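# Architecture at a glance
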Amino acid sequence: MTGPPTAPRPYVLLSCATSIDGYIDDATDERLLLSNDADLDRVDAVRAGCDAILVGAGTVRRDDPRLLVRCADRRADRLARGLPESPTRVTVTGCGDLDPGARFFTVGDTDRIVYCGSGSLDKTRHRLGELATVVDAGDPVDLARALADLADRGVRRLLVEGGAQVHGQFLTAGLADELHLVVAPFFVGDRRAPRFVGDGRFPWHPGRRAQVVEARQIGDVVLTRYALSDRCERA
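Quick summary incoming for the structure in this document. Every value quoted in this text rests on a predicted model; they were computed, and no experiment measured them. (Residues numbered from 1 in each chain as written. Predicted model: local features only at pLDDT ≥ 70, side-chain atom pairs only at ≥ 80, totals over all residues. Heavy atoms only, no water.)

### What to know about the environment of Leu179
The condition is simple: Helix and strand definitions follow DSSP, with helices as H or I runs of at least four residues and strands as E runs of at least two, each counted in order from the N terminus. By definition, residues are in contact when any of their heavy atoms lie within 4.5 Å.
Inspection of the secondary structure puts Leu179 in strand β7 (residues 178–183). A sequence separation of 49 residues divides Leu179 from Leu228, and the C-alpha atoms of the two residues are 7.1 Å apart. If near-sequence neighbours (up to four positions away) are discounted, Leu179 is found in contact with Leu14, Phe196, Thr224, Arg225, Tyr226 and Leu228.

Listed below in C-alpha coordinates is the structure:
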(Lines give C-alpha, C1' and ligand atoms only; values in the text may rest on other atoms or scores of the structure.)
Protein backbone atom coordinates (compact mmCIF):
# COMPACT_ATOMS: atom_id res chain seq x y z
CA MET A 1 0.00 0.00 0.00
CA THR A 2 1.49 3.35 -1.01
CA GLY A 3 0.33 6.89 -0.37
CA PRO A 4 0.29 9.41 -3.22
CA PRO A 5 1.99 12.46 -1.67
CA THR A 6 5.71 12.82 -2.26
CA ALA A 7 6.40 16.08 -0.36
CA PRO A 8 7.45 15.74 3.28
CA ARG A 9 4.47 15.82 5.59
CA PRO A 10 3.58 14.78 9.14
CA TYR A 11 2.29 11.34 10.01
CA VAL A 12 -1.48 11.87 9.76
CA LEU A 13 -3.82 10.00 12.09
CA LEU A 14 -7.58 10.42 11.67
CA SER A 15 -9.84 9.84 14.67
CA CYS A 16 -13.62 9.51 14.57
CA ALA A 17 -16.52 8.01 16.54
CA THR A 18 -19.78 7.02 14.85
CA SER A 19 -23.06 5.28 15.52
CA ILE A 20 -23.64 1.81 14.08
CA ASP A 21 -25.21 3.44 11.03
CA GLY A 22 -22.27 5.78 10.48
CA TYR A 23 -23.46 9.07 11.95
CA ILE A 24 -21.12 11.35 13.91
CA ASP A 25 -23.95 13.37 15.49
CA ASP A 26 -27.71 13.63 15.49
CA ALA A 27 -29.89 16.45 14.18
CA THR A 28 -30.58 18.11 17.55
CA ASP A 29 -28.80 21.03 19.17
CA GLU A 30 -27.42 18.77 21.91
CA ARG A 31 -24.03 17.13 21.42
CA LEU A 32 -24.35 13.38 20.88
CA LEU A 33 -22.07 11.31 23.12
CA LEU A 34 -20.65 8.50 20.97
CA SER A 35 -17.79 7.42 23.21
CA ASN A 36 -17.30 6.45 26.87
CA ASP A 37 -14.88 7.45 29.62
CA ALA A 38 -12.36 4.70 28.84
CA ASP A 39 -12.25 5.57 25.15
CA LEU A 40 -12.04 9.30 25.86
CA ASP A 41 -8.99 8.54 28.00
CA ARG A 42 -7.50 6.59 25.08
CA VAL A 43 -8.05 9.58 22.80
CA ASP A 44 -6.42 11.81 25.40
CA ALA A 45 -3.34 9.55 25.31
CA VAL A 46 -3.30 9.78 21.51
CA ARG A 47 -3.49 13.57 21.75
CA ALA A 48 -0.60 13.63 24.20
CA GLY A 49 1.55 11.72 21.70
CA CYS A 50 0.96 14.18 18.84
CA ASP A 51 2.57 17.47 17.89
CA ALA A 52 -0.62 19.07 16.58
CA ILE A 53 -4.39 18.53 16.49
CA LEU A 54 -6.45 19.66 13.49
CA VAL A 55 -10.17 20.26 13.17
CA GLY A 56 -12.16 22.06 10.51
CA ALA A 57 -13.56 25.54 11.00
CA GLY A 58 -17.06 24.07 11.08
CA THR A 59 -16.11 22.00 14.12
CA VAL A 60 -14.68 25.11 15.82
CA ARG A 61 -17.97 26.92 15.21
CA ARG A 62 -20.31 24.07 16.08
CA ASP A 63 -18.58 22.23 18.94
CA ASP A 64 -16.33 24.98 20.38
CA PRO A 65 -13.65 22.39 21.31
CA ARG A 66 -10.68 23.06 23.61
CA LEU A 67 -8.43 20.38 22.05
CA LEU A 68 -6.28 20.07 25.17
CA VAL A 69 -4.62 17.11 26.88
CA ARG A 70 -6.81 16.49 29.92
CA CYS A 71 -4.70 14.13 32.04
CA ALA A 72 -2.36 15.99 34.43
CA ASP A 73 0.25 13.20 34.30
CA ARG A 74 0.34 13.34 30.51
CA ARG A 75 0.68 17.12 30.55
CA ALA A 76 3.52 16.82 33.05
CA ASP A 77 5.24 14.21 30.90
CA ARG A 78 5.07 16.50 27.88
CA LEU A 79 6.57 19.35 29.90
CA ALA A 80 9.36 17.04 31.11
CA ARG A 81 10.17 16.31 27.46
CA GLY A 82 10.44 20.01 26.67
CA LEU A 83 7.03 20.19 24.98
CA PRO A 84 4.02 22.41 25.70
CA GLU A 85 1.32 20.82 27.87
CA SER A 86 -0.91 20.28 24.82
CA PRO A 87 -0.26 20.02 21.07
CA THR A 88 -0.48 22.92 18.66
CA ARG A 89 -4.07 23.57 17.57
CA VAL A 90 -4.75 23.82 13.84
CA THR A 91 -7.83 24.63 11.79
CA VAL A 92 -8.57 25.17 8.11
CA THR A 93 -11.05 27.62 6.63
CA GLY A 94 -11.91 28.84 3.19
CA CYS A 95 -13.85 31.95 4.22
CA GLY A 96 -12.23 32.88 7.53
CA ASP A 97 -15.55 32.82 9.40
CA LEU A 98 -14.07 32.16 12.86
CA ASP A 99 -15.06 33.62 16.23
CA PRO A 100 -12.01 35.02 18.07
CA GLY A 101 -13.88 34.26 21.31
CA ALA A 102 -13.99 30.51 20.58
CA ARG A 103 -12.18 28.28 23.07
CA PHE A 104 -9.87 27.18 20.24
CA PHE A 105 -8.30 30.66 20.50
CA THR A 106 -8.82 31.58 24.15
CA VAL A 107 -8.27 28.47 26.32
CA GLY A 108 -4.87 26.93 27.01
CA ASP A 109 -1.34 28.08 26.35
CA THR A 110 -0.63 26.46 22.98
CA ASP A 111 0.28 27.67 19.52
CA ARG A 112 -2.65 28.11 17.13
CA ILE A 113 -2.41 27.97 13.35
CA VAL A 114 -5.18 28.81 10.89
CA TYR A 115 -4.77 27.71 7.26
CA CYS A 116 -6.92 30.08 5.26
CA GLY A 117 -8.11 30.50 1.70
CA SER A 118 -6.10 33.16 -0.15
CA GLY A 119 -9.08 35.42 -0.73
CA SER A 120 -9.89 35.62 2.99
CA LEU A 121 -6.34 35.98 4.28
CA ASP A 122 -6.36 39.69 5.15
CA LYS A 123 -9.82 39.54 6.71
CA THR A 124 -8.88 36.54 8.86
CA ARG A 125 -5.62 38.08 10.03
CA HIS A 126 -7.45 41.27 10.98
CA ARG A 127 -10.17 39.34 12.82
CA LEU A 128 -7.84 37.09 14.81
CA GLY A 129 -4.94 39.45 15.41
CA GLU A 130 -2.31 37.80 17.60
CA LEU A 131 -4.59 34.94 18.66
CA ALA A 132 -3.27 32.69 15.88
CA THR A 133 -0.78 32.43 13.04
CA VAL A 134 -2.81 32.75 9.83
CA VAL A 135 -1.22 31.06 6.82
CA ASP A 136 -2.16 31.32 3.14
CA ALA A 137 -3.19 27.81 2.06
CA GLY A 138 -4.24 28.58 -1.50
CA ASP A 139 -7.59 28.98 -3.18
CA PRO A 140 -9.23 26.58 -2.64
CA VAL A 141 -7.44 25.51 0.53
CA ASP A 142 -4.78 22.92 -0.33
CA LEU A 143 -4.33 20.38 2.46
CA ALA A 144 -1.05 19.08 1.03
CA ARG A 145 0.31 22.63 1.16
CA ALA A 146 -0.85 22.97 4.77
CA LEU A 147 0.79 19.67 5.70
CA ALA A 148 4.08 20.72 4.10
CA ASP A 149 3.98 23.94 6.12
CA LEU A 150 3.30 22.00 9.33
CA ALA A 151 6.28 19.78 8.58
CA ASP A 152 8.43 22.89 8.15
CA ARG A 153 7.23 24.01 11.59
CA GLY A 154 8.44 20.78 13.18
CA VAL A 155 5.11 18.92 13.33
CA ARG A 156 5.90 15.25 12.87
CA ARG A 157 2.64 13.71 14.07
CA LEU A 158 -0.78 15.25 13.34
CA LEU A 159 -4.11 14.12 14.82
CA VAL A 160 -7.16 15.03 12.73
CA GLU A 161 -10.37 14.99 14.78
CA GLY A 162 -12.89 16.09 12.15
CA GLY A 163 -15.42 17.05 11.18
CA ALA A 164 -16.90 15.10 8.32
CA GLN A 165 -15.81 17.46 5.53
CA VAL A 166 -12.21 17.59 6.74
CA HIS A 167 -12.03 13.83 7.22
CA GLY A 168 -13.41 13.35 3.72
CA GLN A 169 -10.86 15.75 2.23
CA PHE A 170 -7.92 14.00 3.88
CA LEU A 171 -9.19 10.58 2.84
CA THR A 172 -10.05 11.36 -0.78
CA ALA A 173 -6.69 13.10 -1.21
CA GLY A 174 -4.86 10.05 0.16
CA LEU A 175 -3.24 12.17 2.87
CA ALA A 176 -3.96 9.88 5.83
CA ASP A 177 -1.71 7.18 7.26
CA GLU A 178 -3.97 5.70 9.92
CA LEU A 179 -7.65 5.79 10.93
CA HIS A 180 -9.05 5.18 14.40
CA LEU A 181 -12.76 4.45 13.99
CA VAL A 182 -14.87 3.92 17.12
CA VAL A 183 -18.41 2.56 16.76
CA ALA A 184 -21.00 3.20 19.46
CA PRO A 185 -23.70 0.53 20.07
CA PHE A 186 -26.74 2.43 18.81
CA PHE A 187 -28.35 3.89 15.67
CA VAL A 188 -29.16 7.51 14.84
CA GLY A 189 -31.38 6.82 11.85
CA ASP A 190 -31.87 10.44 10.75
CA ARG A 191 -30.72 11.50 7.30
CA ARG A 192 -30.55 15.12 8.49
CA ALA A 193 -27.65 14.20 10.76
CA PRO A 194 -24.00 14.33 9.61
CA ARG A 195 -22.25 11.12 8.62
CA PHE A 196 -18.57 10.18 8.98
CA VAL A 197 -17.83 11.13 5.35
CA GLY A 198 -19.93 12.01 2.34
CA ASP A 199 -19.62 11.06 -1.31
CA GLY A 200 -16.17 10.96 -2.86
CA ARG A 201 -13.56 8.99 -4.76
CA PHE A 202 -11.56 7.21 -2.07
CA PRO A 203 -8.25 5.35 -2.58
CA TRP A 204 -9.76 2.37 -0.71
CA HIS A 205 -12.56 0.49 -2.42
CA PRO A 206 -13.66 -3.13 -3.01
CA GLY A 207 -10.63 -3.69 -5.22
CA ARG A 208 -8.19 -2.08 -2.77
CA ARG A 209 -9.15 -2.67 0.82
CA ALA A 210 -7.70 -0.83 3.79
CA GLN A 211 -5.86 -3.10 6.21
CA VAL A 212 -7.13 -3.68 9.75
CA VAL A 213 -4.23 -3.54 12.21
CA GLU A 214 -6.29 -3.72 15.41
CA ALA A 215 -9.85 -4.31 16.60
CA ARG A 216 -10.53 -3.84 20.29
CA GLN A 217 -13.57 -3.59 22.55
CA ILE A 218 -13.40 -0.65 24.96
CA GLY A 219 -16.36 -0.92 27.31
CA ASP A 220 -19.46 -0.70 25.14
CA VAL A 221 -17.69 0.69 22.04
CA VAL A 222 -15.38 -0.96 19.50
CA LEU A 223 -12.18 0.59 18.15
CA THR A 224 -10.88 -0.45 14.75
CA ARG A 225 -7.49 0.81 13.56
CA TYR A 226 -6.99 0.88 9.80
CA ALA A 227 -3.67 1.22 7.99
CA LEU A 228 -4.10 3.72 5.17
CA SER A 229 -0.49 3.92 3.97
CA ASP A 230 2.81 2.09 4.19
CA ARG A 231 3.79 4.55 6.92
CA CYS A 232 1.15 3.20 9.32
CA GLU A 233 2.55 2.19 12.70
CA ARG A 234 1.55 -1.42 13.31
CA ALA A 235 2.28 -1.61 17.05
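### Some thoughts on the layout of surface pockets
How we decide: Both site types are read off a 1 Å grid over the protein atoms alone. A 1.4 Å probe that fits but cannot get out defines a cavity, while an open set with protein on both sides within 12 Å along at least five of seven lines defines a pocket; lining residues have an atom within 4 Å of a point. Grid points are joined across faces, edges and corners, and a volume is the space filled by probe spheres set on the points. When residue character is reported, Ala, Val, Leu, Ile, Met, Phe, Trp, Tyr, Cys and Pro are called nonpolar, Asp, Glu, Lys and Arg charged, and the others, Gly included, polar.
Each pocket or cavity is described by its volume, and for the largest pocket that value is around 900 Å³. Around the largest pocket sit 34 residues that line it, and Arg31, Leu40, Arg47, Asp63 and Glu161 are the ones nearest its centre. Contributing elements (two or more residues each) for the lining of the largest pocket: β1 (11–18), α1 (37–48), α2 (57–63) and α7 (164–172). No other element matches α1, which puts six residues into the lining of the largest pocket. Its residues assigned to classes, the lining of the largest pocket shows 15 nonpolar, six polar and 13 charged. Each pocket or cavity is described by its volume, and for the second largest pocket that value is around 540 Å³. As for the second largest pocket, its lining consists of 28 residues, and the residues nearest its centre are Gly56, Ala57, Gly58, Thr59 and Gln165. Only α2, β3 (88–93) and α7 provide two or more residues apiece to the lining of the second largest pocket.

### Focus on the sheet that holds strand β2 (residues 52–56)
Threshold: When DSSP locates at least two bridges between a pair of strands, those strands are taken to pair. To define axes, lines are fitted to C-alpha atoms, for helices over the stretch in contact only, and angles between the resulting N-to-C directions are given on a 0 to 180 degree scale.
Pairing is mixed in the open sheet, where nine strands are placed in the order β5-β4-β3-β2-β6-β1-β7-β9-β8. The open sheet has two free edges, formed respectively by β5 (133–136) and β8 (211–218), since each of these has just one partner strand. Strand after strand, the sheet turns through a mean of 20° between neighbouring axes, direction not considered. In the packing of helix α6 (residues 143–152) onto the sheet, the strands contacted are β1, β3, β4 (112–116), β5 and β6 (157–160), and the crossing angle to β4 comes to about 150°. Here α7 sits on the sheet and contacts β1, β2, β3 and β6; the angle it forms with β1, its principal contact strand, is near 135°.

### Here we look at the side chain of Thr124
Mapped onto the elements, Thr124 comes out in helix α5 (residues 121–128). Once residues lying within four places of it in the same chain are set aside, the contact partners of Thr124 are Gly96, Val114, Cys116 and Val134.

### Points about the pairing of β1
Stated formally: Relative accessibility decides the category of a residue: with a 1.4 Å probe and only protein chains considered, values under 20% of the type maximum give buried, values over 50% give exposed, and everything between is partly exposed.
The element β1 is extensively covered by neighbouring structure, given that seven of its eight residues are classed as buried. Examined bridge by bridge, β1 and β6 share four bridges and lie parallel to one another. Across the sheet, residue Val12 finds its bridge partner in β6, namely Leu158. Inspection of the sheet shows β1 paired to β7 by six bridges, in the parallel sense. Bridge pairing in β7 places Leu14 opposite Leu179.

### Here's the deal with the packing of aromatic side chains
Stated formally: The criterion for an aromatic pair is that two Phe, Tyr or Trp rings (for Trp, the six-membered ring) have centres within 6.5 Å, with stacked assigned to planes under 30 degrees apart, edge-to-face to planes over 60 apart and tilted to the rest. To sit over a ring, a charge needs its Lys NZ or Arg CZ within 6 Å of the ring centre and within 35 degrees of the ring normal.
With the rule as written, the count across this model stands at one aromatic pair. For the pair Phe104 and Phe105, a centre-to-centre distance of 4.9 Å together with 75° between the ring planes defines the contact as edge-to-face. On the basis of relative accessible area, Phe105 is assigned to the buried category, the value being 2%. Taking NZ or CZ as reference, Arg195 lies 4.5 Å from the ring centre of Tyr23, over its face.

### Some remarks on α6
We count it as follows: A 3.5 Å cut-off defines polar contacts: any pair of N or O atoms within that distance qualifies, except that in protein one atom must be a possible hydrogen donor and the other a possible acceptor, and neighbouring residues in sequence count only when both atoms are side-chain atoms.
Turning to α6, its buried residues number three or more, namely Leu143, Ala146, Leu147, Asp149, Leu150 and Ala151. Against β1, β3, β4, β5, β6 and α7 lie the buried residues of α6. In this structure Asp142 caps α6, since a side-chain oxygen of it lies 3.0 Å from the backbone nitrogen of Ala144. Just beyond α6, the residue with positive phi is Gly154, at close to 95°.

### Digging into the pairing of strand β9 (residues 221–227)
The element β9 is largely enclosed, with a buried count of five among its seven residues. As defined by bridge partners, β7 adjoins β9 across six bridges and the pair is classed as antiparallel. Across the sheet, Leu179 pairs through a bridge with Tyr226, a residue of β9. With seven bridges connecting them, β8 and β9 associate as antiparallel partners. Bridge pairing in β9 links Glu214 to Arg225.

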